[in-house]
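Residue-level structure breakdown
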Amino acid sequence: MSVMDKIASSKRESFITNSPWIIHYDAASCNGCDIEVLASLTPLFDVERFGVVNTGNPRHADIFLVTGSVNEQCKPVIEQIYNQMVEPKVVVACGICACSGGVFKQCYNTMGGIDQVIPVDVYVPGCAVRPQALIDGVVKAIGILRAKREAMLDGKPVPTPALRVGAELEVVRHSPDDEPAPTGADASDAAKETK
Amino acid sequence: MVWLSILLGILFVVLGPVLGCLIAGADRIVTARMQRRQGPPLLQPYYDLRKLLEKDMRANDVVQLILLVMALVATVVGGVSFFAGASFLLCIFLETLASLLYIVAASIGSSPFVQVGVQREILQVMCYEPMELLTAIGIYLHTGSYASGSLGAASVPMVMWLPLIFLSLLFVLTIKLRKSPFDVASSHHAHQEIIAGATTEMSGLTLAVIEVTHWYETVIVLGWVGMFFITSNPLSILLALLAVAIVYLLEIWVDNTFARVKWQVMLKGAWIVALVAGFVNFSPFFFVGTNGLLFF
Ligand code: SF4
């Protein structure tokens, strides 16, 4: 291996998977999901084990956790937080409200899921989303974060979920009795369901 | 002797950040265990640093970056001056310069959280500065010189003569290490009242530079604790290391058990402690003097 190769490979070595910092924003959530997000910081789940820090600061964060559906009031806030985050970044929609609007979908003031405003990378359904599912979703988000970083290194455009919709949507599903997450053809079916 | 100084200086430049990183990692683990959590891996601060280096640059980072690199250089030069046994005074002045550069760099950010954080930084400098100067005077009274290297020739450890100065240095150490009860509610501990304080507007490389500066700083202030135990006997280094370990554990314990105080309490507390300790501890020197020295 020549020196140049070594430098190139060390450049590709990514630590982004070891240190995902999170910002959590409560859009129009009922607060059920937010309690679960915070629950994952407690001693029982302790996401800091994986290097996760709940920064509360868009400039520091790599992963944007949004709970609740979107309405006119929180739309500009979501957009601003998203724009303030530094690439590479991913968005995780937590809870069924954030995925699609959930029980509030039909309300006259609700615009629907988070993907109506910003591109979403990982959908984590559940009402309220369970901490296990949330951690699973964050782990999936870390994978996407890594792919985005690779794309940045190659000088390719950062893959946006707009490209990902149609292709394959990341779905994390945790039923109360923990049925295995759907794979392959089921996954895309499930994805359509969630949308 | 000169070669030993140069060697120690180089060792500090090279090993300082490594040690600082390990201390920060151990700190996070011990903190987590105190809260009955498992905590991150030991090398987590290193992973965080590498992650920050991978993030994109923002256009307005450049000026901040220049100032912060200057702060880093000032910290390192100050640390070399201290660990190589040169002037302790130079060390504290350069530390102050680094804090000021950091404050100027941070105040470029326009966010109100940054402004609150910067105000708090300035107050903190006001709080710990008198105590650092008193420590410098203490060294002078003890050895007759401001050089930290002169402690290596002393027959008794400085803590014997200056116990109160030592205790009040521990008091301001909590401020220096940004620990509760004197820290701000910023996101290092999942508190988010003022987001990330002075560093709210920084990201990626700029934040990484701050992180490294902080590692050096930790090693330097722990060095200040250690110097109270150094004598001409080489075994005293072990004693100093033991003292540093105990002090740091104590700091983590205080961090986890004390509620955060308002800045007024911090300012009054730090000044009263420094003045009382300074007056009481230095007054015997008026009459006795050490090493044949009278007060000034
Ligand atoms: S998914 Fe359920 S718990 Fe979560 S915000 Fe919506 S209604 Fe509340």
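Okay, so let's go over this structure. Model, not experiment: these values are computed from the prediction.

Of the regular secondary structure elements, chain B holds 10 helices and 0 strands. Computed over its C-alpha atoms, the radius of gyration of chain B comes to 19 Å, within 12% of the 19 Å expected for a compact globule of 296 residues. Going through the 296 residues of chain B one by one, you find that 55% of them count as buried. Considering only intrachain contacts with a sequence separation of at least 6, the fraction spanning at least 24 residues in chain B is 77%.

Two side chains of opposite charge can pair, provided their charged atoms sit close to one another. Taken as a whole, this structure holds 15 salt bridges over all chains when the rule is applied. The closest approach of N and O atoms between Arg37 of chain B and Glu48 of chain A, which form a salt bridge, is 2.6 Å. In this pair, Arg37 of chain B sits in the loop between helix 1 (2-34) and helix 2 (44-54) while Glu48 of chain A sits in the loop between helix 2 (32-39) and strand 2 (53-54), so the two residues belong to two different chains. Taken individually, Arg37 of chain B and Glu48 of chain A each receive the classification buried, so the pair is uniform in this respect. The partner of Asp62 of chain A in a salt bridge is Lys51 of chain B, with the nearest N and O atoms 2.7 Å apart. On the criterion of chain membership, the pair formed by Asp62 of chain A in the loop between strand 2 and strand 3 (63-67) and Lys51 of chain B in helix 2 is interchain, its members lying in two chains. Take Asp62 of chain A and Lys51 of chain B: they sit in the same class, and that class is buried. A single network of salt bridges, built from pairs that share partners, joins Asp46 and Glu48 of chain A together with Arg28, Arg37 and Asp48 of chain B.

Here the focus is the packing of helix 4 (residues 88-106) of chain B against helix 5 (residues 112-143) of chain B. All names here are of chain B. In the contact formed by helix 4 and helix 5, the axes pass within 10 Å of each other and the chain directions differ by 175°. What the angle tells us is that helix 4 and helix 5 run roughly antiparallel. Contact with helix 4, carried on its side by Phe88, Leu89, Ile92, Phe93, Thr96, Ser99, Tyr102, Ile103 and Ala106, involves Val114, Val118, Glu121, Ile122, Val125, Tyr128, Glu129, Glu132, Leu133, Thr135, Ala136 and Ile139 of helix 5 and no other residues of that element. Residues belonging to the contact of helix 4 with helix 5 are distributed by class as follows: 15 nonpolar, 3 polar and 3 charged.

Tallying each qualifying case throughout the model produces 0 disulfides over all chains. Residue Cys91 of chain B stays outside any disulfide, its sulfur separated by 19 Å from that of Cys127 of chain B, the closest cysteine.

All names here are of chain A. The environment of the ligand is made up of Ser29, Cys30, Gly32, Cys33, Ile96, Cys97, Gly126, Cys127 and Ala128. Residue assignment for the shell around the ligand shows that the elements contributing at least two residues are helix 2 and helix 4 (96-100). Class assignment of the residues belonging to the shell around the ligand gives a composition of 6 nonpolar, 3 polar and no charged.

Along an α-helix, a turn takes 3.6 residues, which lines up residues three or four apart on a common side. Of the positions making up helix 2 of chain A, those classed as buried are Cys33, Asp34, Val37 and Ala39 of chain A. Of the surrounding secondary structure, the elements contacted by the buried residues of helix 2 of chain A are strand 1 (21-26), strand 3, strand 5 (90-94) and helix 5 (131-153) of chain A.

Here we come to the pairing of strand 3 of chain A. Residue and element names in this part refer to chain A. Within strand 3, 5 of the 5 residues are buried, leaving the element largely enclosed by the surrounding structure. The side-chain alternation of strand 3 yields two buried faces, one formed by Ile63, Leu65 and Thr67 and the other by Phe64 and Val66. By the bridge criterion, 5 bridges tie strand 1 to strand 3 in an arrangement that is parallel. Looking at strand 3, one finds that Ile23 is bridged to Phe64. Where strand 3 meets strand 5, 5 bridges bridge the pair, whose relative direction is parallel. Residue pairing in the sheet places Leu65 in a bridge with Val92 of strand 5.

Residues and elements named next belong to chain A. Summarising burial for strand 5: 5 of the 5 residues are buried, a large majority. Neither face of strand 5 is open: one carries Val90, Val92 and Cys94, the other Val91 and Ala93, and all of them are buried. As judged from the 3 bridges shared by strand 5 and strand 7 (residues 122-124), these two strands associate in the parallel manner. When the sheet's bridge partners are listed, Ala93 is paired in strand 7 with Tyr123.

The rules behind these values
- Residues numbered from 1 in each chain as written.
- Chains lettered and ligands numbered in written order.
- Predicted model: local features only at pLDDT ≥ 70, side-chain atom pairs only at ≥ 80, totals over all residues.
- Heavy atoms only, no water.
- Helix = DSSP H or I, 4+ residues; strand = E, 2+ residues; numbered from the N terminus.
- Rg over C-alpha atoms; globule rule 2.2 N^0.38 Å.
- Buried < 20%, exposed > 50% of the residue type's maximum accessible area, 1.4 Å probe, protein only.
- Contact = heavy atoms within 4.5 Å.
- Salt bridge = Lys/Arg side-chain N within 4 Å of Asp/Glu carboxyl O.
- Axes fitted to C-alpha atoms, helices over the stretch in contact; angles between N-to-C directions.
- Parallel < 35°, antiparallel > 145°, perpendicular 65-115°, else oblique.
- Nonpolar A, V, L, I, M, F, W, Y, C, P; charged D, E, K, R; others polar.
- Disulfide = S-S within 2.5 Å.
- Near = heavy atom within 4 Å.
- Pairing = 2+ DSSP bridges.

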